[in-house]
Amino acid sequence: MLKLTDSITESEEGYINSLIESEPEVYALWKEIQSDFATAQDKSALQKFDTDNIIAEVKTEVRRLKRGKRVVRIFIAVAGIGISTCLFLILKDNKVGNLAVKHDVTKQIQLQLTGGEQISLSEGNGEQLAENGTVILKSTNNTFVYTARKVTNTTATIVVPAGKDYHVKLEDGTKVHMNSGSKLRFPFSFSGGKREITIIGEAFIEVAGNAALPFIVHTQHTTIQVLGTSFNVNSYDSGKVTVSLVQGAVKVNEVLLKPGYAAHVSSKGTDIYSFDEESELAWRNDQYIFRHSQLKEIMPVLERWYDVQIVFDSPAVADKVVTGHIMRSDDIATVLDMLKKICNTDYYYKENTIHIR
């Protein structure tokens with residue numbers, strides 16, 4: 001950022017250049033920043049940043065982490081511009097953060113059967129029988145597969161709690177990668193001349209081609225007609241659904257999507273726009289990339305990732321804007337500590353809830 005504004009000294013530029021050259025993720029974020037702040041107006045706004053404080057923060061954190069020889073990623077922080085725009089990578093080591101978050105370790109991935117039976121899938125329990133021996137279930141390596149010994153109209157629901165993700169392979173070979181806090185309802189046998197499933201939350205779906213059996217995905221607010229494809233569906237927000245097409249074709253509310261485009265469905269209608277696959281699908285690689293996003297948009301993701309509850313004590317803090325990149329392996333305290341430094345926020349833990357102020 002300092003390099004963009006030409007407000008950096010020769011020694012500081014050498015320091016930043018060394019980080020860019022030695023740390024691949026710093027290099028990647030540097031390229032993103034160059035793209036995000038490409039205009040003269042953007043660069044002019046960056047001139048308002050407290051560059052001396054930025055360099056001091058980065059150097060302090062790098063020295064601290066290198067002493068422990070556990071540097072995972074280098075985070076470069078910038079704060080300022082009116083509503084407090086923040087750009088960062090995270091300086092992180094392997095130590096557990098100092099936030100006393102109480103995780104519910106009893107939450108497991110569950111398979112819920114029509115008759116009320118619940119089977120834990122978290123431990124990878126090998127093969128077992130269900131539905132009076134008509135279905136063979138197998139859960140290994142964070143993946144669920146099954147085989148119906150005969151045609152059955154039985155449906156099942158897989159529930160993935162906060163803090164986890166899970167893979168499911170359906171009867172026809174379709175692959176479903178479920179994100180945290182999501183549900184998938186599906187039949188053990190497809191029948192009736194079509195294949196239908198229901199997604200609540202978020203999932204990336206790679207549909208096995210079969211022109212004779214149309215594939216249909218139901219969400220709370222829309223139905224997606226699939227034509228042999230791979231796409232992402234996000235229905236976390238009860239008032240909207242976003243379908244992002246990677247390959248093939250899908251029809252959303254009678255609108256045919258092309259690869260690289262997304263459909264955003266809400267009470268206001270259906271909006272079509274091009275999307276950034278790297279950011280949109282980063283969750284599949286245990287990453288979260290956000291660009292010019294308000295904190296109130298980011299915190300629900302952190303709640304699902306870390307199985308915590310977060311509230312804002314001030315609406316002004318919730319409106320602050322952030323650009324950054326975190327990994328699911330980053331502990332929540334590390335993320336909140338960086339937000340505290342670069343966005344002038346603070347946090348505390350009270351009654352099983354994280355408060356941001």
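Parameters and conventions
Residues numbered from 1 in each chain as written. Predicted model: local features only at pLDDT ≥ 70, side-chain atom pairs only at ≥ 80, totals over all residues. Heavy atoms only, no water. Salt bridge = Lys/Arg side-chain N within 4 Å of Asp/Glu carboxyl O. Helix = DSSP H or I, 4+ residues; strand = E, 2+ residues; numbered from the N terminus. Buried < 20%, exposed > 50% of the residue type's maximum accessible area, 1.4 Å probe, protein only. Pairing = 2+ DSSP bridges. Phe/Tyr/Trp six-rings, centres within 6.5 Å; stacked < 30°, edge-to-face > 60°. Lys NZ or Arg CZ within 6 Å of the ring centre and 35° of its normal. Axes fitted to C-alpha atoms, helices over the stretch in contact; angles between N-to-C directions. Contact = heavy atoms within 4.5 Å.

*Asks:* What is the right way to read the pattern of salt bridges from this model?
*Replies:* It is possible for side chains bearing opposite charge to pair when their charged atoms get close. Counted by the stated rule, this structure contains 10 salt bridges. Across the pair Arg195 and Asp172 runs a salt bridge whose closest N-O atoms are separated by 2.4 Å. Here Arg195 is found in strand β12 (residues 195–200), whereas its partner Asp172 is found in the loop between β9 (166–169) and β10 (175–178), with 23 residues between them in sequence. Given the relative accessible area of 25%, Asp172 is considered partly exposed.

*Asks:* Any chance you could explain the pairing of strand β14 (residues 215–218) here in plain terms?
*Replies:* In terms of strand pairing, β12 meets β14 through 4 bridges, oriented parallel. Paired with Glu196 across the two strands is Ile216, which belongs to β14. Of the strand pairs in this sheet, β14 and strand β15 (residues 223–226) are connected by 4 bridges, and their pairing is antiparallel. By the bridge assignment for β15, Val217 is matched with Ile224. Hairpin remark: β14 followed by β15, antiparallel, with 4 residues in the connecting loop.

*Asks:* Looking at this model, I keep getting lost on the packing of aromatic side chains. Mind explaining?
*Replies:* Where two aromatic rings form a pair, the distance of their centres and the angle of their planes describe that pair. In the structure shown here, the tally under the stated rule is 9 aromatic pairs. Taken together, the ring pairs in this structure connect Phe144, Tyr146, Phe186 and Phe188 into an aromatic cluster. Residue placement shows Arg284 over the ring face of Phe204; its charged tip is 3.8 Å from the ring centre.

*Asks:* I tried to follow the sheet that holds strand β23 (residues 310–312) on my own but got confused; where do I start?
*Replies:* Sheet strands pair via backbone hydrogen bonds, and the direction of the pair is either parallel or antiparallel. If you walk across this open sheet you meet the 3 strands as β23-β26-β25, and the pairing is mixed. The two strands at the open ends of the sheet, each matched to only one other strand, are β23 and β25 (347–350). Direction aside, the axes of adjacent strands within the sheet are offset by 30° on average. Where helix α7 (residues 295–306) meets the sheet, it contacts β23 and β26 (353–356), and its direction lies at approximately 160° from that of β23.

*Asks:* Would you mind showing me how to read the environment of Lys240 here?
*Replies:* Among the structural elements, Lys240 can be located in strand β17 (residues 240–247). With 28 residues separating them in the primary sequence, Lys240 and Lys268 have C-alpha atoms 9.5 Å apart. Excluding residues within four positions of it along the chain, Lys240 makes contact with His221, Asn234, Ser235, His264, Val265 and Ser266.

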